[in-house]
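# Architecture at a glance
So the chains spell out like this:
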Amino acid sequence: MGLEAYVAVSAGLFALGIIAIIVRRNVLYVLMGIEMILNAANINFVAFSHFQGDSLDGRMFAIFTIILAAAEAAVALAIVLNVFHLYDSIKPSDADLLRE
Amino acid sequence: MEFNPEVDFPLLMAVLAIPVTAFILQIAFGKKLPRQGDWLPTTGMFGVMCITVYLAFKAITAAYHTGGDGEEHAALDFLWSSPDAGFQFKWLFDSAKDAGPLNVVAGILYDPLGAVMLAVVGIVCFCVHLFSMGYMAGDRRYHIFFANISLFSFAMLGLVLSDNILFLFIFWEIMGLMSYQLIGHFSQDPSVPFFHKWATWASKKAFLTTRIGDCLLFVGLFIFYRNFNLAWEASATLQQAMPDFQPLLFTDMWEMGRLIVAQNGGEFPAWMTLGGLCAFGGTIGKSAQFPLHIWLPDAMAGPTPVSAMIHAATMVAAGVFLLGRMYPLMSPEVLNVVTVIGAITALFAATIGMVVYDLKAVLAYSTISQLGFMVTAVGLGGLTAGMFHMVTHAFFKACLFLSAGSVIHGCHHVQDMRLMGGVRKYMPITFVCMLVCTLAIAGVPFFSGFYSKDMIILAGWAGVLDPAHGGWIPAFALASLAIAAMMTAFYMFRLIFMTFFGEYRGNQKQHMYTEQIALEGLEGPPLHGHDDDHGDDHGHDDHSDADHHGHDDHGGTPHESPWPIVVAISILAFLGMFGGHFWLADPGHLIHPTHSEPWFTKLATPESMYGPEVGAWATTKISEGIHNHDSDLAHSSHAYAVGLSLTVASLGILLAWFLYVRRRDLPNVIATKLGPIYTLVRRRYFIDEIATACFIKPTMQLCTVFKTIDERIIDGFVLLNGAIHHKLAFFWTWIDKTVVDGLVNFVGLLSQAFGAAFRLLQTGRIQQYAAFAVGGGLLVAAWLILS
């Protein structure tokens, strides 16, 4: 199995993540979409590192990204909590103050 | 008492300053002062009277003492003009050319005639002021009236004192304006419904008629001014003789006239004749001579004191006074015109005076007639006689008018003599005053008018008898004057008999009036018939009730007038009686203790008025003999003159007595017999109608034509222009609204549309933004890949 298979899976995961961000009516799914994008990136990091020789750089980036994703999830959930307090809703379409 | 110009000229200036100050104060504060300020101008005029009489007395006395070469020939040739006192003010003065023709130097000229005239004006004007305090009581514009007569007096005083013709003309015009104001005094008074229309009309008529004369005088002034300048500039002799020539000063004009005529070989140049005629035109207008006399009878639309003022001391006297001032500059031809005009006026006005019934109209025509006497006298070379008659006439005519005013006041403002009669029982003082002055005007010996009229007749006789003068003109003048003098005696006694004798007819008022209006409708102005209720409403509310009750004895009968009226007419009657004596002889030796010789003849001779040289020349101009009292000619003419004037006076009085006391039925019979002639005279020779037809109608028609042109053509152009612009404006409005506003609105709308479109994208939805971002990224990627 060559590199193309990994990249294709990664692209598919990325596309699914994007779609989740754009079309889902629940903000938690949007967060999940973000995680999927991050993981698509992780797959790429790991795949390229594997096929490029015996270097650990790509794996290290992937681990950093997982840690970053955990921190990001905490911040994001806090934002979601505040949005819910403010709007009584977790629909992203209700939080439209940016229009002003 | 010496007349000292340096001390006494300021007094003369005060004579001018007092009335004009009174006028200003009265205009400004009159209404707020107690009694509406009538005492202010009256007191001022009293001061003026005192100053003028004092100065005249002083000046004449001084001249009497010092003049001449001895007591037998004591001459009265004083002539003080401003340079003596350093009293001149300069106007339009070009300092670069110190003696150039642009300069106007104005000042005071105080000569014997001026001194006497000034005193006469002072006295008469004071009496009129005093009279007005009684007569005008209750008037609507009482304070304005006093302001106006004050300025009127000021103008006449200034005219007498002016030493140059330009200032004389200025005062002359002020007088014209004030006569307009005063004749039209009732013109805005709704309480005199009949009078106020007449007054408006009469004041306009007076103003416009005299304006013709004023224009002529102005033209004459310029003829003299220009030609004197030209002659002076052209001739070295004249420049040498008169280096400081001022072409407007009377003294310089006289002297220059004499020199020019001498240079011309004793002949008057044509321009002097023309200028003299024009100047006489001024007299014709102001002094109501023949063609322009029509304003004077209507001037009685003004209040009676104003009539007295106009007819006696001011206005009409100004014309004769001007004649006195211009006499040396008038060529024999001009003097002949003067004579003829004067004689015609004297005669024809007297004929009208015989048939009118309005008390004031009789006096008005008698004034015209007497002015004709004066003018004729001047034309015949009898300058002294003319001026003398002006002085005596001022007194007795003022008295007659004021007495007539008193009668009118007493008879509740009725003016028609047919409604009077027997008034002497009710108003004895007025009757005596009026009788005295009637005797004076009729020329009865020992009354003032006799002396002056006698001198005029004498001038006529001298002209007839003088072979050098001769011709038909003096004969015509003498005949006219003699007949006019007889008519004067007749109509004045007709007035006395109709007004003061017989029974009082005022109670038949209502009845008689309707009848007379139906019969004639002649008296009064040619306006709106005869509505004679005017007097009752005017300032006499207490009487109007009585009149409405009809035959209430107490309210209907006349009454003597209040004290200011009585005092004023008494003073004037005294002067009307003795006014001639003062000038003729010195009865009480007041002037000079050892003299009682006649001296008015010396007071206003050409020599005393114009200085010895000009005077002697002016005397010889028309006739050698008149002033030479030692010659047989003068002696015989004097005898004739006295005989003639006595005869005509007594004839006139007897005729009046016969017709209006003895056979009171006769006048109507005679009038009927005379038929058309009576109508002709009664309608005042149709001169008003002729003037209307010849001048007023064509002028009005011309005005109508111009009005039509103005309305049709000029207004048409203007309106067309306006209409075009109006229409154009609609077009421009359309352009403005559609194109310009459209563009502006389009820009605005466009921005709005863009805003609205882009606002749709700005939803505030994160997901949408993310979708756009992704879409954009994809597009960029696609573009990168495909290119």
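Residues numbered from 1 in each chain as written. Chains lettered and ligands numbered in written order. Predicted model: local features only at pLDDT ≥ 70, side-chain atom pairs only at ≥ 80, totals over all residues.

### Let's talk about the overall build of chain A
Where we set the bar: Under the DSSP-based scheme used, a helix requires at least four consecutive residues in state H or I and a strand at least two consecutive residues in state E, with every element numbered from the N terminus. C-alpha atoms define the radius of gyration, and 2.2 Å times the number of residues to the power 0.38 defines the globule rule. Residue burial is a threshold on neighbouring C-beta atoms within 10 Å of the residue's own C-beta, all placed from the backbone, with 20 or more meaning buried, 12 or fewer meaning exposed, and counts in between meaning partly exposed. What counts as a contact is two residues whose backbone-derived C-beta atoms lie within 7 Å of each other.
Along the backbone of chain A there are three helices and zero strands. The order of α-helices and β-strands along chain A, N terminus first, is α-α-α. A compact globule built from 100 residues should have a C-alpha radius of gyration of about 13 Å, whereas chain A, at 17 Å, is more than 25% larger. C-alpha atoms of chain A, sized along the principal axes, occupy 50 × 25 × 20 Å. Evaluated residue by residue, chain A yields a buried proportion of 17% over its 100 residues. Considering only residue pairs separated by 6 or more positions, chain A has 43% of its internal contacts joining residues 24 or more positions apart.

### Looking at the overall build of chain B
Scanning chain B for helices and strands turns up 32 helices and four strands. Summarising the internal contacts of chain B: among those between residues at least 6 apart in sequence, 79% fall at separations of at least 24.

### Focus: the environment of F45(A)
Residues and elements named next belong to chain A. Along the polypeptide, F45 turns up in helix α2 (residues 27-51). A C-alpha to C-alpha distance of 19 Å links F45 and I18, two positions 27 residues apart in sequence. Once you skip the residues sitting within four places of it in the chain, F45 turns out to touch G58, F61 and A62.

### Quick word on the interface of chain A and chain B
What counts is decided by this rule: Here the term charged refers only to Asp, Glu, Lys and Arg, the term nonpolar to Ala, Val, Leu, Ile, Met, Phe, Trp, Tyr, Cys and Pro, and the term polar to all other amino acids, Gly among them.
Contact with chain A, which involves nine residues of that partner, is made by nine residues of chain B. Split into classes, the residues belonging to the side of chain A that touches chain B amount to six nonpolar, one polar and two charged.

### With respect to the confidence of the model for chain B
All names here are of chain B. The following threshold applies: You can read pLDDT as the predictor saying how much it trusts each residue, on a scale of 0 to 100.
Averaged over every residue, the pLDDT of chain B is 79; the share at 70 or more is 81%. In the predicted structure, residues 510-555 sits below a pLDDT of 50 and forms 59 contacts with residues beyond four places in sequence or in another chain. Low pLDDT (under 50) marks residues 624-630, which in the prediction has 15 contacts with non-local residues, meaning those over four places away or in another chain.

### A word on the nonpolar core
What counts is decided by this rule: For the purposes of this analysis, a nonpolar core is taken to be any set of buried Ala, Val, Leu, Ile, Met, Phe, Trp, Tyr and Cys residues that are connected through C-beta atoms within 7 Å.
Grouped together as the largest cluster of nonpolar side chains are 229 residues, with contacts concentrated most on V124(B), C127(B), A313(B), A398(B), C399(B) and L572(B). In this view, C399(B) contacts C433(B), C437(B), I569(B), L572(B), A573(B) and G576(B); residues no more than four positions away in its chain are not counted. Listed in part, the eight residues of the second largest apolar core include I18(A), I22(A), V27(A) and M36(A).

### Quick word on unusual backbone geometry
At D88(A), a position not held by glycine, the phi torsion is positive, near 55°. Examined against the element boundaries, D88(A) turns out to sit in the segment after α3 (57-87). D88(A) sits in the exposed class, given 8 other C-beta atoms within 10 Å. Of note, Q36(B) is a non-glycine position whose phi angle comes to about 55°, a positive value. Inspection of the secondary structure puts Q36(B) in the loop between α1 (5-29) and α2 (39-66). When the 20 C-beta atoms within 10 Å are taken as the criterion, Q36(B) is described as buried.

### So, the environment of K397(B)
Residues and elements named next belong to chain B. When you line up the elements, K397 lands in helix α16 (residues 383-410). Separated by 223 residues in the primary sequence, K397 and I174 have C-alpha atoms spaced 23 Å apart. Discounting residues that sit within four places of it in the chain, K397 has contacts with H311, A312 and T367.

### Digging into the environment of V219(B)
Its location among the elements puts V219(B) in helix α7 (residues 193-234). For the pair formed by V219(B) and G276(B), sequence separation is 57 residues and the distance between their alpha carbons is 10 Å.

### Comments concerning helix α10 (residues 270-286) of chain B
Helical periodicity: at 3.6 residues per turn, an α-helix aligns residues three or four positions apart in one direction. All names here are of chain B. Formally: What a helix should span is 1.5 Å times the count of its residues minus one.
Between its first and last C-alpha, α10 extends 25 Å over 17 residues, near the 24 Å set by a 1.5 Å rise per residue. Within α10, 13 of the 17 residues are buried, which leaves the element mostly enclosed by the surrounding structure. Looking one or two places after α10, you find A288, whose phi comes out positive at around 55°.

### Focus: the packing of α16(B) against helix α18 (residues 448-465) of chain B
Residues and elements named next belong to chain B. This is how the line gets drawn: Think of each axis as a best-fit line through the C-alpha atoms, taken over the contacting stretch in the case of a helix, with angles from 0 to 180 degrees between the N-to-C directions. These descriptions rest on fixed angle ranges, namely under 35 degrees for roughly parallel, over 145 for roughly antiparallel, 65 to 115 for roughly perpendicular, and the rest for oblique. Crossing chirality is assigned from the near helix's rotation relative to the far helix, an anticlockwise turn below a right angle marking it left-handed and a clockwise turn marking it right-handed.
One way to put it is that α16 packs onto α18 with a least axis distance of 9 Å and a crossing angle of 155°. With respect to their mutual orientation, α16 and α18 come out roughly antiparallel. Relative to α18, the crossing made by α16 is left-handed. In contact with T384, A385, F388, H389, T392, F395 and F396 of α16, α18 contributes S448, G449, S452, K453, M455, I456, L458 and A459.

### Points about helix α5 (residues 142-161) of chain B
Along its 20 residues, α5(B) runs 29 Å from first to last C-alpha, staying within 8% of the 28 Å computed at 1.5 Å per residue. When you tally the buried positions in α5(B), you get 19 out of 20 residues, the bulk of the element.

### With respect to the packing of helix α13 (residues 316-326) of chain B against α16(B)
Residue and element names in this part refer to chain B. Packing of α13 against α16 leaves a shortest axis separation of 10 Å and a crossing angle of 155°. One finds that α13 runs roughly antiparallel with respect to α16. For α13 against α16, the interelement crossing comes out left-handed. In this structure, α13 contributes A317, V320 and G324 to the contact, and α16 contributes L383, G386, M387, M390 and A394. A breakdown of the residues in the contact of α13 with α16 according to their chemical character gives six nonpolar, two polar and no charged.

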